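Observations on the model geometry
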Amino acid sequence: MKNTGKILCVLFCNLFAINIEAQNPIIKDIFTADPAPLVHKGTLYLYTGHDVATQEDTNYKMADWHVFSTINMKDWKDHGALLSPSAFSWATGDAYAAQCIERDGKFYWFVSTFHKKDEVSQGGAAIGVAVSDSPTGPFKDAIGKALIINEMTTDMKYGWDDIDPTVFIDDDGQAYMFWGNGSCKWVKLKKNMIELDGEITTFTPKNYIEGPWVYKRKGLYYLVYASAGTKPEMIEYCTAKNITGPWRYQGIIQENVQNSFTTHPGIIDYKGKSYFFYHNGSLPTGGSYRRSICVDYMHYNKDGTIQKIIQTTEGVGSVK
Ligand code: FUB
C-alpha cells in the first residue's frame, strides 16, 4: 500500500511537472532568431539565425545559421551551425533571416547577409542560396555569387533593404521569392531555384516593414510580415486570390513580443496542427540582439482569416 502510494505520487508529480513545463523559448542554450520551419518526411526542421551579441552591444551580431529538428514538437535535436556567411566567397557580415525549401530532392537555403565591396556590388544587404542533398547539409554556395544584390532594387535609399527571403512553390511548379525591408519585393525563380526568372516587382502592404512569410492554404495565398510604426514590431498579414496580388490587408495577428524590438514569423502545418514560430527576448540576459525562438498554436477561422496568436510560455503540446 505504501509503495502504491509512492508510485502514484511519482506518476502524479511527473504528470504535473510535464503540464507546467515552460517550453518557450524552445531553444535555451543559444540565442536564436528568424525561425523558418520546413517539414520533410515526417520531421519538422527549424532553420534559425544565431544571435551572438553581448549584453552591451547595440546592434545585431549574427554568426551563422543553425538547424534544429523535432518529430513530436517537444524534443528538439540540435544539428549545429550548418551554414555561415563565410561559405559565400562574396559575403561579409551577419547571418540575417533565411529560409530553406525542398525541390526535387534538393534543399535550397536562401539567406540574407551582406556583400563585400567589389566589382559586383558597392556592398549592402544581399541574398544568396546554398544547396544540399539533405535538410541537414552539408550545404554549399549554389551559384558562387549573390542571387540579389543591393543595386537590383533602388526604391529604398539605404543599403540593407534586400533582406529576409521567403520562397514559395505554387501548385503549377512556379517558384517565387519575396523579401525586403521597407518595401516588399518579389520575383519568379527558374525551376533550378538558383536563377531569377523575370523582373523584380516592388509593393508595400499596409504597415509592412520586413520578414515576409508566403504560403498557400485552401486556395488562398498568405503574406505574413513584421510591421512597425513607432512601436516595436508586430505581425500583420494580407491574403490574395493570386500570388501576384492584389493583396488584401487582413490585420494584426501577433502583438509585440516580450523584450525584443523585432519579431519574425515562420508558419507551418505539421501532423494536423498549425504552428506559428516567432522570436522574443525572454531568456535571461536576452533582448533585442539576444533573441529566442518560441512556438505557439495558430488557428484559422472558417473564412481563412487567422485568429490572434496567443503567446505563451507553455508553448505547444507534444504530438505523436
Ligand atoms: O535578424 C536580423 C533581422 O532582424 C532580420 O533579418 C529581421 O527580420 C529581424 O528579425
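The name given to the chain in an unreviewed UniProt entry is Glycosyl hydrolases family 43, and the organism recorded there is Flavobacterium nitrogenifigens.

1. Some points on the overall build of the chain
If you tally the helices and strands in the chain, you get one helix and 20 strands. Relative to the 2.2 N^0.38 estimate, which gives 20 Å for 320 residues, the radius of gyration of the chain is 20 Å and therefore close to what a compact globule would have. Considering only C-alpha atoms, the chain reaches an extent of 80 × 45 × 45 Å along its principal axes. Across the 320 residues in the chain, those meeting the buried criterion constitute 55%.

2. A few points about the site of the ligand
Around the ligand, the neighbouring residues are Asp 34, Tyr 60, Met 62, Tyr 96, Ala 97, Ile 163, Asp 164, Glu 210, Thr 262, His 264, His 279 and Arg 291. Within the side chain of Asp 34, one N or O atom sits 2.5 Å away from an oxygen atom of the ligand. Protein chains shield 99% of the accessible area of the ligand, which is 280 Å² for the free molecule. Here the shell around the ligand is built from residues that sort into five nonpolar, three polar and four charged.

3. Quick notes on the packing of aromatic side chains
Tallied over the entire structure, the rule returns 18 aromatic pairs. Arranged with centres 6.1 Å apart and planes meeting at 25°, the rings of Phe 178 and Trp 186 form a pair that is stacked. We classify Phe 178 as buried; its relative accessible area is 0%. A centroid spacing of 5.2 Å and a plane angle of 50° characterise the contact between Tyr 208 and Tyr 225, whose relative ring orientation is tilted. A residue pair is termed long-range when its members are at least 10 positions apart, and Tyr 208 in strand E14 (residues 208-217) and Tyr 225 in strand E15 (residues 220-227) qualify at 17 residues. Each member of the pair Tyr 208 and Tyr 225 is classed as buried.

4. Regarding the sheet that holds strand E16 (residues 234-240)
Reading across from one edge, E14-E15-E16-E17 is the order of the four strands in this open sheet, with antiparallel pairing throughout. Taken across any chain shown, the strands that pair with only one partner, and hence form the sheet edges, are E14 and strand E17 (248-254). The sheet shows a mean angle of 25° between the axes of neighbouring strands, direction not considered. Sheet analysis places E16 next to E17, joined by five bridges and oriented antiparallel. Its bridge partner being in E17, Glu 236 is matched across the sheet by Ile 252.

5. Re the nonpolar core
Judged by nonpolar contacts, the single largest core of 46 residues is most densely connected at Tyr 47, Trp 109 and Tyr 215. Excluding residues within four positions of it along the chain, Tyr 215 makes contact with Phe 168, Leu 220, Tyr 221, Tyr 222, Val 224, Ile 267, Met 298, Tyr 300 and Ile 306. Judged by nonpolar contacts, the second largest core, of 16 residues, contains Leu 44, Leu 46, Met 73 and Tyr 270.

6. Focus: the pattern of salt bridges
This structure, assessed with the given rule, holds 10 salt bridges. In this structure, Lys 74 engages Asp 75 in a salt bridge whose closest nitrogen and oxygen atoms are separated by 3.9 Å. On the basis of relative accessible area, Asp 75 is assigned to the partly exposed category, the value being 45%. Of the charged contacts, one joins Lys 190 and Glu 195 as a salt bridge, the two residues approaching to 3.6 Å between their closest N and O atoms. Classification of Lys 190 by relative accessible area gives partly exposed; the value is 31%. The network of salt bridges with shared partners includes Asp 155, Asp 161 and Lys 185.

7. Re unusual backbone geometry
Looking along the chain, the bond that leaves Gly 137 and enters Pro 138 is cis, with omega of 5°. As for its position among the elements, Pro 138 is in the loop between strand E8 (124-132) and strand E9 (140-141). Omega for the bond connecting Gly 245 with Pro 246 falls within 30 degrees of zero, at 5°, which places this linkage in the cis form. Relative to the elements of secondary structure, Pro 246 occurs in the loop between E16 and E17. Even without a glycine there, the phi angle at Asp 164 is positive, about 65°. As for its position among the elements, Asp 164 is in the loop between E9 and strand E10 (166-169). With relative accessibility at 5%, the residue Asp 164 sits in the buried group.

Conventions used here
- Residues numbered from 1 in each chain as written.
- Predicted model: local features only at pLDDT ≥ 70, side-chain atom pairs only at ≥ 80, totals over all residues.
- Heavy atoms only, no water.
- Helix = DSSP H or I, 4+ residues; strand = E, 2+ residues; numbered from the N terminus.
- Rg over C-alpha atoms; globule rule 2.2 N^0.38 Å.
- Buried < 20%, exposed > 50% of the residue type's maximum accessible area, 1.4 Å probe, protein only.
- Near = heavy atom within 4 Å.
- Polar contact = N/O pair within 3.5 Å; in protein donor to acceptor, adjacent residues only side chain to side chain.
- Areas by Shrake-Rupley, 256 points an atom, 1.4 Å probe, with all protein chains shown as cover.
- Nonpolar A, V, L, I, M, F, W, Y, C, P; charged D, E, K, R; others polar.
- Phe/Tyr/Trp six-rings, centres within 6.5 Å; stacked < 30°, edge-to-face > 60°.
- Pairing = 2+ DSSP bridges.
- Axes fitted to C-alpha atoms, helices over the stretch in contact; angles between N-to-C directions.
- Core = buried A, V, L, I, M, F, W, Y, C linked by side-chain atoms within 4.5 Å.
- Contact = heavy atoms within 4.5 Å.
- Salt bridge = Lys/Arg side-chain N within 4 Å of Asp/Glu carboxyl O.

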